[in-house]
Amino acid sequence: GIPMGFDRLNRYMGIRKSMYTLIGGLTGSGKTSFVDDAFVLNPFDWYISKENTTNIKLRIIYRSMERSRTYKIAKWVSRKIFLDQGILIPVSKLLGWTAKMTKDEHDLFLMYEDYMGQMNETITIIDGPENPVGIAKELKTHALENGRIEQLDEYNKIYVPDDENTITIVVIDHIGLLKTTKDQPTKKEAIDKMSDELRYARDFYGY
């Protein structure tokens, strides 16, 4: 598997194939920040640090239903700069919302262009709300682009990935913002349907 970057947590859970983890908590308690660190950024940083030394391939599909793709990338780069340099450039400043970056800050930001490029190759960020069926279709499309379905007999079929060493992480942030549909007219029904689809992605695709 892939380490999550939290030693105590790694003793009880980790990132490997066919796992489904639900993170819950009060509003503003840091769910997204924790998920981003444990399931996206720490695994990604580990992955790029192990280039050419591991046969594991990492792919992350991140459905950001609350924040835009631009905001997520800015926040992640701000985090990386702080961890590496100890310098905090707020997201609002990186995006030019409140003030412009100084020349030194801008030069520092440009140092992370390669990091953002590697991120773009590994992490697919899809922003905006969607309904469970739409998300399930996106996951199936991704699966068929990276593997095939084989019919074993009249009742059973399996998914065969192109590369058995690929670990695909699917993040839904956050599930409470799912769109409802005619078939799932309430938020609870939409969440239940999404949970069913995620269990299927876990058990059939190994996500």
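Remember, predicted model here, so these are calculated numbers, not experimental data. (Residues numbered from 1 in each chain as written. Predicted model: local features only at pLDDT ≥ 70, side-chain atom pairs only at ≥ 80, totals over all residues. Heavy atoms only, no water.)

*Asks:* Looking at this model, I keep getting lost on the side chain of D45. Mind explaining?
*Replies:* When you line up the elements, D45 lands in helix 2 (residues 31-49). Within the local environment of D45, its side chain forms a polar contact with the side chain of R79, the two groups lying 3.4 Å apart. What D45 contacts, discounting residues up to four positions off in sequence, is R79, K80 and Y115. (Helix = DSSP H or I, 4+ residues; strand = E, 2+ residues; numbered from the N terminus. Polar contact = N/O pair within 3.5 Å; in protein donor to acceptor, adjacent residues only side chain to side chain. Contact = heavy atoms within 4.5 Å.)

*Asks:* Honestly, the sheet that holds strand 2 (residues 123-127) in this entry has me stumped. Any pointers?
*Replies:* Pairing within the open sheet is parallel, and its three strands lie in the order 2-1-5. Only two strands of the sheet have a single neighbouring strand rather than two, namely strand 2 and strand 5 (166-173). Each strand axis lies, on average, 10° off the axis of its neighbour in the sheet, ignoring direction. Two strands pair when backbone bridges link them, and strand 1 (residues 57-64) and strand 2 are joined in this way by five bridges, in the parallel orientation. Across the sheet, S64 pairs through a bridge with D127, a residue of strand 2. Contacts from helix 7 (residues 132-145) reach strand 1, strand 2 and strand 5, with the element oriented near 160° to strand 1. (Pairing = 2+ DSSP bridges. Axes fitted to C-alpha atoms, helices over the stretch in contact; angles between N-to-C directions.)

*Asks:* Before we go on, may I ask you to explain the pattern of salt bridges in this structure?
*Replies:* One side chain can pair with another of opposite charge once the charged atoms of both are near each other. Under the definition given, this model contains 14 salt bridges. Sharing partners across several salt bridges, the network here consists of D37, D45 and R79. (Salt bridge = Lys/Arg side-chain N within 4 Å of Asp/Glu carboxyl O.)

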